[in-house]
Amino acid sequence: MTFPNVDLPWKPLYQQVKDGEVAKDQSSPLLFYSLAATIVFTAAVYAFEGYLDSRQKACYQKTEFPSELQKTVLKIDKERQPQTSKSASSDDGSSSAESKALLPQLQAKFRNAQSYGLDKIQFGMIAHTWDTFESIAFLLLGFLPYAWDLSCRWGERFGNWNERKHAIIISLIFLAVTTVIGTVTALPFELYSTFQIERKHGFNKMTFGLFVMDKIKSLFLTALIGAPFVALLLYIIQVGGPYFYIYVWGFMFCFSVFMMTIVPVFIMPLFNKYEPLADGSLKTRIYELAGQLKYPLTKLFVMDGSKRSSHSNAFMFGFGNNKRIVLFDTLLTQVTEDEVLAILGHELGHWKLGHTLANFVVTQVYMGAAFYCFASTFGAQDLHAAFGFNDATRPVPTIIALLLFFQTLWAPVDKVLSFVLTAFSRYNEFAADRFSVDLDMSSKLQSGLCKIHLENLGAMCPDWMYSTYHYSHPPLVERLSAMMALDKQKQKKVT
């Protein structure tokens, strides 16, 4: 097997027509540089992210508990001491877990957290290497034009469909082929992550049968929802004229609202069981908190997250006056009732401060900008020819134009915007923490975050560059320090 020469322009091994029969304008920048630039950019991103991974790996290899986290949590324990002493002296003994100091618990889990993080980062580096190799190999081999031509042949053979009259059907066949290949190549990594790493560290509760059923359900839902979505999207682009991006933007907005509506109500229950939270003080206090913040809570569920993992979480969903809150059953066993309320106070802060709406608006603006830029490159035949779609007698498939646009011209923009959105997310997390402080829930949120962190074996000494680039939530020590600083400011105002 021979690969393209180092001399530009690079050309994929498989092309729709042989070299020299098409592509008369060899001076075209898109034709000349696109393939090489995409590969160089992919390799550069891999090298940069690999460097960050190596920094984080070094942090996971540390054996000494981080001093900054130790000082911070020690202060929290001292502030909790009067409260926990009262709890420990209660007759029922139900507060024994609450009365335990947090620092010894974190220190006891530190070695396990380091081991878990090290296993994940090492495996992630291997998986990232494979993904990058696969991406570059597919580009050099001409996987996209080959898969498209194969889809055309299958369409002709099994349905008498051709790419001129039945472009959407051929596109769906093409997506089915690439989805199956992607699922197969990713499967070994998913199996190892789930049944080796997660099970080794006590998180995975999933059986192999449940894993298979989840995969089947996911593929079925992809076909059931994804196929009509792609068909409509391609149709709108084809008939929308020069301003099709406006119609696509409207369609994407409607589809986003549709998915936000059906996913928690119809799709998520296919994978997990949702039961109303049992009557009791927790349920009463959650409704009281929602009422205090004017959050129109209509339903409160507990999800059997322990069916698959011992990781914990809580989330909210719903539109208008029909809001719902879901608590993982694992969360209820890891933290106290007061801490659950503090965690929900933080989550409700996102809603009260408009973060949920802001994220939705940002997503819509992102999609509008992306499709506007795509519209300006839609007819760039030289770009498509550079990746093997170089037969001028055949139409360039819309689905291919989309894939190549997002993989080439939009990829650098996407990386920059992703980093900006990650920073924006961290800013929102600090703001939601501040909201909890204003609700006088700071102490319980701090202890709740510590408990969730130790139960989930979260990173206790993350590298600052790695966390800045990857983390949508600030590191634990930064959140705790920020809340403690806010507490001091609040006390000064009172005094």
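Higher on the page you've got the structure.
Residues numbered from 1 in each chain as written. Predicted model: local features only at pLDDT ≥ 70, side-chain atom pairs only at ≥ 80, totals over all residues. Heavy atoms only, no water.

Asker: Would you mind showing me how to read the pairing of strand 2 (residues 297-303) here?
Answerer: Two faces make up the sheet, and in a regular strand the side chains alternate between them. Of all seven residues making up strand 2, five are buried, and the element is well covered by its neighbours. When strand 1 (residues 274-276) meets strand 2, the two strands line up antiparallel, connected through three bridges. Its bridge partner lying in strand 2, Tyr 274 is registered against Met 303. (Buried < 20%, exposed > 50% of the residue type's maximum accessible area, 1.4 Å probe, protein only. Helix = DSSP H or I, 4+ residues; strand = E, 2+ residues; numbered from the N terminus. Pairing = 2+ DSSP bridges.)

Asker: Honestly, the pattern of salt bridges in this entry has me stumped. Any pointers?
Answerer: Pairs can form between side chains of opposite charge once their charged atoms are near each other. Per the stated rule, a full pass over the model turns up 14 salt bridges. Across the pair Lys 283 and Asp 279 runs a salt bridge, and its minimum N-O distance is 3.0 Å. Residue Asp 279 is classed as exposed on the basis of its relative accessible area of 68%. In this structure, Arg 285 and Asp 338 form a salt bridge, with 2.7 Å as the shortest nitrogen-oxygen distance. Of the two residues, Arg 285 is situated in helix 9 (residues 281-292) and Asp 338 in helix 11 (residues 337-352); the sequence distance between them amounts to 53 residues. (Salt bridge = Lys/Arg side-chain N within 4 Å of Asp/Glu carboxyl O.)

Asker: What is the right way to read the sheet that holds strand 4 (residues 322-328) from this model?
Answerer: By way of backbone hydrogen bonds, the strands of a sheet pair with one another, either parallel or antiparallel. Overall, mixed pairing links the four strands, which are arranged 1-2-4-3 in an open sheet. Among the strands making up the open sheet, the edge pair consists of strand 1 and strand 3 (314-319). On average, adjacent strands in this sheet sit at an angle of 30° to one another, irrespective of strand direction. Where helix 8 (residues 244-267) meets the sheet, its contacts fall on strand 3 and strand 4, and the angle it forms with strand 3 comes to roughly 125°. Across the sheet, helix 11 is in contact with strand 3 and strand 4; its angle to strand 3 comes to roughly 40°. (Axes fitted to C-alpha atoms, helices over the stretch in contact; angles between N-to-C directions. Contact = heavy atoms within 4.5 Å.)

Asker: It is not clear to me how the environment of Gln 196 should be interpreted in this structure. Could you clarify?
Answerer: Its place among the elements puts Gln 196 in helix 6 (residues 167-200). For the pair Gln 196 and Asp 119, spaced 77 residues apart in the sequence, the C-alpha separation amounts to 9.9 Å.

Asker: Explain the packing of aromatic side chains here, please?
Answerer: The way to describe two aromatic rings as a pair is by their centre distance and the angle between their planes. Applying the stated criterion across every chain, the model contains 37 aromatic pairs. With centroids separated by 6.3 Å and ring planes inclined at 85°, the aromatic side chains of Tyr 274 and Phe 301 adopt a geometry described as edge-to-face. One end of the pair, Tyr 274, is in strand 1; the other, Phe 301, is in strand 2, and 27 residues separate them in sequence. Assessed through its relative accessible area of 19%, Tyr 274 is described here as buried. On the basis of relative accessibility, which here comes to 15%, the residue Phe 301 falls in the buried class. Taken together, the ring pairs in this structure connect Tyr 243, Phe 244, Tyr 245, Tyr 366, Phe 371, Tyr 372, Phe 374, Phe 378, Phe 405, Phe 406 and Trp 410 into an aromatic cluster. (Phe/Tyr/Trp six-rings, centres within 6.5 Å; stacked < 30°, edge-to-face > 60°.)

Asker: Could you clarify how one ought to interpret the pairing of strand 4 in this entry?
Answerer: Burial of strand 4 is extensive: six of the seven residues sit out of reach of the surface. With six bridges joining them, strand 2 and strand 4 adopt parallel strand pairing. Residue pairing for strand 4: Lys 299 is matched across the bridge by Arg 324. Here strand 3 runs beside strand 4; their pairing, made up of six bridges, is antiparallel. Opposite Gly 318, over in strand 4, you have Lys 323 as the bridge partner. As consecutive antiparallel partners, strand 3 and strand 4 are separated by two residues, and within that stretch Gly 320 has a phi angle of approximately 55°, a positive value.

Asker: Even after reading the chapter, I still don't get the nonpolar core, so can you show me in this structure?
Answerer: Burial of nonpolar side chains together is a common tendency in soluble globular proteins. In terms of nonpolar packing, the biggest core is built from 57 residues, with Ile 286 and Leu 327 touching the most fellow members. Other than its neighbours up to four places away in sequence, Ile 286 contacts Leu 277, Leu 297, Leu 300, Ile 325, Leu 327, Leu 341 and Leu 344. (Core = buried A, V, L, I, M, F, W, Y, C linked by side-chain atoms within 4.5 Å.)

Asker: Is there a simple way to think about helix 9 in this case?
Answerer: Since the α-helix packs 3.6 residues into each turn, any two residues three or four apart lie on the same face. In this model helix 9 runs 16 Å from its N-terminal to its C-terminal C-alpha over twelve residues, within 8% of the 16 Å that 1.5 Å per residue would give. Of all the residues in helix 9, the buried ones are Leu 282, Ile 286, Leu 289 and Ala 290. Projected onto a plane normal to the axis of helix 9, the buried residues spread over an arc of 100° and lie on a single side. Set apart from the buried face of helix 9 by more than 90 degrees, the exposed residues are Glu 288 and Gln 292. For helix 9, the elements touching its buried residues are strand 2, strand 4, helix 10 (329-334) and helix 11. Once helix 9 ends, the next one or two residues include Lys 294, with phi positive near 60°. (Expected span 1.5 Å × (residues − 1). Arc of directions from axis to C-beta.)

Asker: Help me understand a positive patch on the surface in this model?
Answerer: Together, Lys 71, Lys 75, Lys 78, Lys 488 and Lys 492 give the surface a local cluster of positive charge. Sorting the residues of the positive patch by element identifies helix 2 (67-88) and helix 18 (476-494) as the ones contributing at least two each. It is helix 2 that contributes the most residues to the positive patch, three residues altogether. You can see Lys 71 is positioned in helix 2. (Patch = residues over 30% accessible without salt bridge, like charges linked within 9 Å, V, L, I, M, F, W, Y side chains within 5 Å. Areas by Shrake-Rupley, 256 points an atom, 1.4 Å probe, with all protein chains shown as cover. Lys, Arg positive; Asp, Glu negative; His and termini not counted. Charge placed at Lys NZ, Arg CZ, Asp CG, Glu CD.)

Asker: Would you explain a nonpolar patch on the surface in this entry?
Answerer: Together, Phe 208, Val 212, Met 213 and Ile 216 make up a nonpolar patch on the protein surface, roughly 360 Å² of accessible area in all. The exposure class of Val 212 is partly exposed, given its relative accessible area of 31%.

Asker: How should I be thinking about the side chain of Glu 198 in this particular structure?
Answerer: As for its placement among the helices and strands, Glu 198 is situated in helix 6. Buried charge without a salt bridge: Glu 198, with Lys 120 as the nearest opposite-charge side chain at an N-O distance of 5.6 Å. Apart from the residues within four sequence positions on either side, Glu 198 is in contact with Tyr 116, Lys 120, Ser 193, Phe 203, Asn 204 and His 311.

Asker: When you look at helix 7 (residues 208-239) in this model, what are you seeing that I'm missing?
Answerer: For helix 7, built from 32 residues, the straight-helix expectation of 46 Å at 1.5 Å per residue is met to within 8% by its first-to-last C-alpha distance of 46 Å. Along helix 7, the sharpest change in direction is near 30° and occurs at Gly 226; proline Pro 228 comes one to four residues later. Within helix 7 the residues assigned to the buried category are Leu 210, Phe 211, Asp 214, Leu 221, Ile 225, Phe 229, Val 230, Leu 233, Leu 234, Ile 236 and Ile 237. Taken together, the buried residues of helix 7 touch helix 6, helix 8, helix 12 (355-377) and helix 14 (398-407). The first or second residue beyond helix 7 is Gly 241, which carries a positive phi of 75°. (Bend = angle between axes of the 7 residues up to and from the residue.)

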